[in-house]
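The lines below spell out each chain.
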Amino acid sequence: MISLDSSISPSTNNSYWLSNSGQFAFGFYNQDNGFAIGIWFNNIKEKIVIWTANWDQQQPLPQSKTLALIDFANSVSPDQPAASASMLDSGNFVLYNSESQIIWQRFDHPTYTLLPGQSLESGKDLISAMSKSNHSPGRFHLVMQLDGNLVQYPRMSNVKAYHAYWNSQTYGKGSQNVTLNFDANGNLYMYNTTSSSNIKTFHSVGWGHKSGNVTYRLTIDADGILRLYSHSIVQVNSSWNIEWNSSNNRCDPTGVCGMNAYCVLDQNQQPNCTCLPGHDFIHQQQRSLGCERSSSINYCTADNRDKVSLEEFYEVLWENNSYSIVSKNNRIACEQDCLKDCQCEIAVYTSNTCNKLRLPLRYAKPDQGNSDVVTMVKVLNQSSEATTTGVTKGRSERVRIGIFISSIVFSCFGLMALAISIALIFKFRMWEYRRIADQWHHDFLEDVAICPYTFGELEKATEGFKHQVGKGAYGAVFKGVIPTNSFRRVVAIKRLEKMVADNEREFRNEMKVIGKTHHKNLVKLLGYCYEGANRLLVYEFMKNGSLADFLFQPGTKPTWEERAEIALNIARGMAYLHEECETQIIYCDIKPENILMDEQACAKIADFGLSKLLMPDQTRTYTGLRGTRGYWAPEWHRNMPITVKVDVYSYGIMLLEIVCCRRSVDMDVPENEVVLANWVYDCFVDGEMGKLVHEEDVESNELKKMIKLGLWCIQDEPSLRPSMKKVCMMLEGIVDIPTPPIPSSSISVVSIV
């Protein structure tokens, strides 16, 4: 039994609490360059972590961190005071009240693993970890659905039934009364609590059989496969054995290889991610991130149409997201139709139907013997021979000849290049000087696949920078019109006015960040000018101005439904920057002025000049004060390392502004309402939340949900704030939002929320 005044710390010998047998431990374990709190098998050589606290906010804890049981108890069970705790030999960590009754237990809050004696109730899920060493939420989950079916899906918003890649085939067999049971003997089965009957058994070791020499665990692994493992307790140096798994094919999980990629099993039945023709991996060491085009050619220009052809391959099916479906009698007709259509990047031909798609493609599936389906990808003629691997077969004779001719041409060019290189060696010193002078610019062009413009072109587009639509600390924004081959595009052109060091850094930041980001809730960067002292950026034009205009100007108050959608749009954009980009991005300046509204009133994040990029292995950084007063997180003032949680704080302040349609600080209101966060909390505690929306007709539960989320986001302690991915799930109603503590609380606890 663990007393309420007990504490543990990774800086001491007392860093965890053991179960009686020593089989399980609860406490601090090594994570990245710090520590995390969780439960693991302690008596087995491979110390497998089976549960992680606060796992969706995986910021490594410092060695100086101390976890007091009373703080832990208050965070997970604020309404029922705890008296003691125990780490049980079952792997369950429990809290007791003064009458020795269980008031909270770890078994009720699974993450990625079930242990014998634990069940997965209807409506709950198991979520895979990101990797074997990174226990933050991953890309797949197992859902015990309310219809009685146990299903595996990719984790995504707006999931559809066809995204499922495994199910128990128990649809309708008990509805909300079905649970996935994992009993103490290691039997895995589905149970109907109403009829008291087993409806499906996955693994059985013999009913009534019990052996203390074997332990089990059921884990949805990072690759998306659900596996039941066993291990001999006696042979501590042995390996875990797989007793059962949901699939033997590691290419089965939907989206296992990311965008524009598909999975092929190698000779050892290991998954091998392969890019579409004409594509390269976004990150060679993390191939599951998907692929992007290896060329930035614009297929819609007349000059480039003769430079492309369609490359065929079979055996792969894609999620059908066609923008156009036309009837064609044969594959050749479908190919010609796509080549003539500048928007068509992919054509899928099957059963006299030509499906035309745009990139990116997602959720590839093996074609189970359906040889009638042909996928055709638009590629550059000269690079077609370098982009076909794996299952690229059955391509047309025209492409084969093109590859052969291209090989000869490249060989000739190689010999010519060698001769020219020898001749130029004598002029090396002069060339080296010029190369160094232009190095950054060349690297820059390689990094960013966007359109370059001359200063003269942009000056003409803006009629001499005549139509100013906004102005910031580093420059002004002008409305312009740039002609294309088929239409005149209205754009917003940002011009940095004074080329000092800060402006140069801002220009490079915006280019490096936005040039590699693609999300519907980020303002799209179309082009740039890097000419002499002129630095300009060309963006899509946002017709409806900023969110500040939308919220704070008299007579423009959006409806509650519009405000809720805006909050979700911004959260999705932030989640993308924090967790889905190749380089994690801390935005540093979330505020209504930096959120722009398109003509459909969809909110998009703009102005990345203050963003802080992190290295792939970084989760925090030290940097000078950035952003705008009133939206700064407390850690900016404490000389603490900055994490993505500073953005969560700023988002929380802005969320309260969105809810109340007023500034976070307003000197023209009664004294108790001047600071919005304080007033919101007072109204929340007093049950007078209607005051915040001026008695607007808003459904009370929806209003309460938004207010609770805002208060969680502005907690002083960064670890208490939810991740932006968790914020999205809360806004979508996937995750319940508990009652938040006082925002200004200085108590440091480890939250399990």
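Position numbers for residues count from 1 along each chain, tracking the sequence in the order it is written. For this predicted model, a pLDDT threshold of at least 70 governs which residues receive local features, and a threshold of 80 or more governs which side-chain atom pairs are given and counted, while totals over whole chains, interfaces and linings are taken from all residues. Heavy atoms from the whole structure form the basis of all side-chain values; hydrogens and water molecules are not counted.

Asks: When you look at a nonpolar patch on the surface in this model, what are you seeing that I'm missing?
Replies: Residues V665, M667 and V675 make up a contiguous nonpolar surface patch of about 290 Å² in total accessible area. The exposed category is assigned to M667, whose relative accessible area is 64%. Each patch is built from residues lacking any salt bridge and having more than 30% relative accessible area; the joining distance is 9 Å for like charges and 5 Å for nonpolar side chains (Val, Leu, Ile, Met, Phe, Trp, Tyr). Surface exposure here means Shrake-Rupley accessible area, sampled with a 1.4 Å probe, where a residue is shielded only by the protein chains that are shown. Salt bridges are defined by distance alone: a side-chain nitrogen of Lys or Arg within 4 Å of a carboxyl oxygen of Asp or Glu. Buried residues are those whose accessible area, probed at 1.4 Å on protein chains only, stays under 20% of the maximum for their type, while exposed residues exceed 50% and partly exposed ones sit between those limits.

Asks: Explain the sheet that holds strand β18 (residues 188–192) here, please?
Replies: In short, DSSP must find at least two bridges between two strands for them to pair. Only runs of H or I of at least four residues qualify as helices and only runs of E of at least two qualify as strands under DSSP, and these elements are numbered from the N terminus. Spatially, β12-β17-β18-β19 is the arrangement adopted by the four strands of the open sheet, whose pairing is antiparallel. Since the sheet does not close on itself, it has two edges, and those belong to β12 (118–120) and β19 (197–203), each with one partner. Here the average twist between neighbouring strands, direction ignored, is 25°. Sheet topology note: the β12/strand β17 (residues 178–182) ladder contains three bridges and is antiparallel. Within the sheet, the bridge partner assigned to L120 lies in β17 and is L180. Angles shown run from 0 to 180 degrees and are taken between the N-to-C directions of axes, each axis being a line fitted to C-alpha atoms and, for helices, limited to the stretch in contact.

Asks: Help me understand the sheet that holds strand β14 (residues 137–144) in this model?
Replies: Consider a sheet: its strands pair through backbone hydrogen bonds, and that pairing is either parallel or antiparallel. With antiparallel pairing, the four strands of this open sheet are ordered in space as β13-β14-β15-β16. The open sheet terminates on both sides in strands that have one partner only, identified here as β13 (125–129) and β16 (166–167). Inspection of the sheet shows β14 paired to strand β15 (residues 150–154) by five bridges, in the antiparallel sense. For H141, the partnering residue across the bridge sits in β15 and is Y153.

Asks: Just to check I follow, could you spell out the packing of aromatic side chains for this structure?
Replies: By convention here, two paired aromatic rings are described through the distance between centres and the angle between planes. Ring pairs are drawn from Phe, Tyr and Trp, using the six-membered ring of Trp, whenever the two centres fall within 6.5 Å, and their geometry is named by plane angle: stacked under 30 degrees, edge-to-face over 60, tilted for the rest. Overall, the coordinates contain 22 aromatic pairs when judged by the stated rule. Their ring planes at 80° and their centres at 5.8 Å tell us that Y16 and W40 sit as a pair that is edge-to-face. Note that Y16 is positioned in strand β3 (residues 16–18) and W40 in strand β5 (residues 34–41), a separation of 24 residues in sequence. In this structure Y16 comes out as partly exposed when scored by relative accessible area, which is 31%. The buried category is assigned to W40, whose relative accessible area is 6%.

Asks: I'm lost on the state of the cysteines in this one. Help?
Replies: One way to say it: the disulfide is the covalent bond shared by the sulfur atoms of two cysteines. Cysteine sulfur atoms are paired as a disulfide whenever they come within 2.5 Å of each other. By the definition in use, this model includes five disulfides. A sulfur-sulfur distance of 2.0 Å marks the disulfide that ties C251 to C263. A torsion of -65° about the S-S bond marks the disulfide between C251 and C263 as left-handed. Residue C251 is located in the loop between β22 (241–245) and β23 (261–265), and its partner C263 is located in strand β23; the two are separated by 12 residues in the primary sequence. Overall, the relative accessible area of 16% leaves C263 in the buried class. Between the sulfur of C275 and that of C291 lies a disulfide, 2.1 Å long from S to S.

Asks: How should I be thinking about the pairing of strand β9 (residues 93–96) in this particular structure?
Replies: Sheet faces and side chains relate simply in a regular strand, where the side chains alternate between the two faces. With burial as the criterion, each face of β9 is covered, one bearing F93 and L95 and the other bearing V94 and Y96. With four bridges connecting them, strand β8 (residues 84–87) and β9 associate as antiparallel partners. Pairing of S86 across the sheet is with V94, part of β9. The hairpin turn running from β8 into β9, its antiparallel successor, is five residues long, and G91 in that turn takes a positive phi close to 95°. One ladder, built from three bridges, connects β9 with strand β10 (residues 102–105); its direction is antiparallel. Bridge pairing in β10 links Y96 to I102.

Asks: Just checking my understanding: could you explain the packing of helix α8 (residues 560–580) against helix α12 (residues 724–731) for this structure?
Replies: When two helices pack together, their arrangement is given by the angle between their axes and by how far apart the axes lie. Between α8 and α12, the shortest axis-to-axis distance is 8 Å and the interhelical angle comes to 150°. Compared by their axis directions, α8 and α12 come out roughly antiparallel. Note that α8 runs across α12; the crossing there is left-handed. Residue-level inspection shows A567, L568, A571, R572, M574, A575, H578 and E579 of α8 in contact with α12, the latter providing M724, K725, V727, C728 and L731. Here the term charged refers only to Asp, Glu, Lys and Arg, the term nonpolar to Ala, Val, Leu, Ile, Met, Phe, Trp, Tyr, Cys and Pro, and the term polar to all other amino acids, Gly among them. Of the residues in the contact of α8 with α12, the class split is nine nonpolar, one polar and three charged. Working rule for angles: under 35 degrees goes down as roughly parallel, over 145 as roughly antiparallel, 65 to 115 as roughly perpendicular, anything else as oblique. If you view the pair so one helix is near and one far, a crossing is left-handed when the near helix is turned anticlockwise from the far one by less than a right angle, and right-handed when it is turned clockwise. Contacts are assigned to residue pairs with any non-hydrogen atoms lying within 4.5 Å of each other.

Asks: Honestly, the pattern of salt bridges in this entry has me stumped. Any pointers?
Replies: When the charged atoms of two side chains lie near each other, side chains of opposite charge can form a pair. Applying the stated criterion across every chain yields a total of 19 salt bridges. Its salt-bridge partner being K356, residue D337 comes within 2.8 Å of it at the nearest N-O pair. Of this pair, D337 sits in helix α2 (residues 331–340) while K356 sits in strand β31 (residues 353–357); the two residues are 19 residues apart in sequence, bridging distant segments of the chain. A relative accessible area of 17% places D337 in the buried class. The class for K356 is buried, based on a relative accessible area of 7%. One network of salt bridges, in which partners are shared, links D221, D223, R227 and R250.

Asks: Any chance you could explain the nonpolar core here in plain terms?
Replies: Where a protein is soluble and globular, its nonpolar side chains tend to be buried together. Among buried residues, those of type Ala, Val, Leu, Ile, Met, Phe, Trp, Tyr and Cys that are joined through side-chain atoms within 4.5 Å constitute a nonpolar core. Counting 67 residues, the largest nonpolar core has L547, I570, Y651 and I707 as the members making the most contacts within it. The leading source of residues in this core is helix α9 (residues 645–660), at 11 residues. If near-sequence neighbours (up to four positions away) are discounted, I570 is found in contact with L547, I595, A603, I605, Y651, M654 and I658. Grouped together as the second largest cluster of nonpolar side chains are 39 residues, F140, V256, A261 and F281 included.

Asks: Got a minute to help me understand the packing of helix α11 (residues 700–713) against α12 in this structure?
Replies: Between α11 and α12, the least distance of the axes is 11 Å, while the angle of their chain directions is 170°. Accordingly, the angle class assigned to the pair α11 and α12 is roughly antiparallel. Judged by residue contacts, K705, M706, L709 and C713 of α11 engage V727, M730 and L731 from α12. In terms of residue class, the contact of α11 with α12 is made up of six nonpolar, no polar and one charged.

Asks: Looking at this structure, how should I read unusual backbone geometry?
Replies: As a rule of thumb, non-glycine residues mostly have phi less than zero, and peptide bonds are mostly trans rather than cis. Following L359, the chain continues into P360 via a peptide bond in cis, with omega recorded as 5°. Positive phi, normally seen in glycine, also occurs at S196, with a value near 50°. Checked against the element boundaries, S196 lands in the loop between β18 and β19. Unusually for a residue other than glycine, C661 sits at a positive phi of about 55°. Here C661 is to be found in the loop between α9 and α10 (676–686).

These figures come from the coordinates and say nothing about function on their own.
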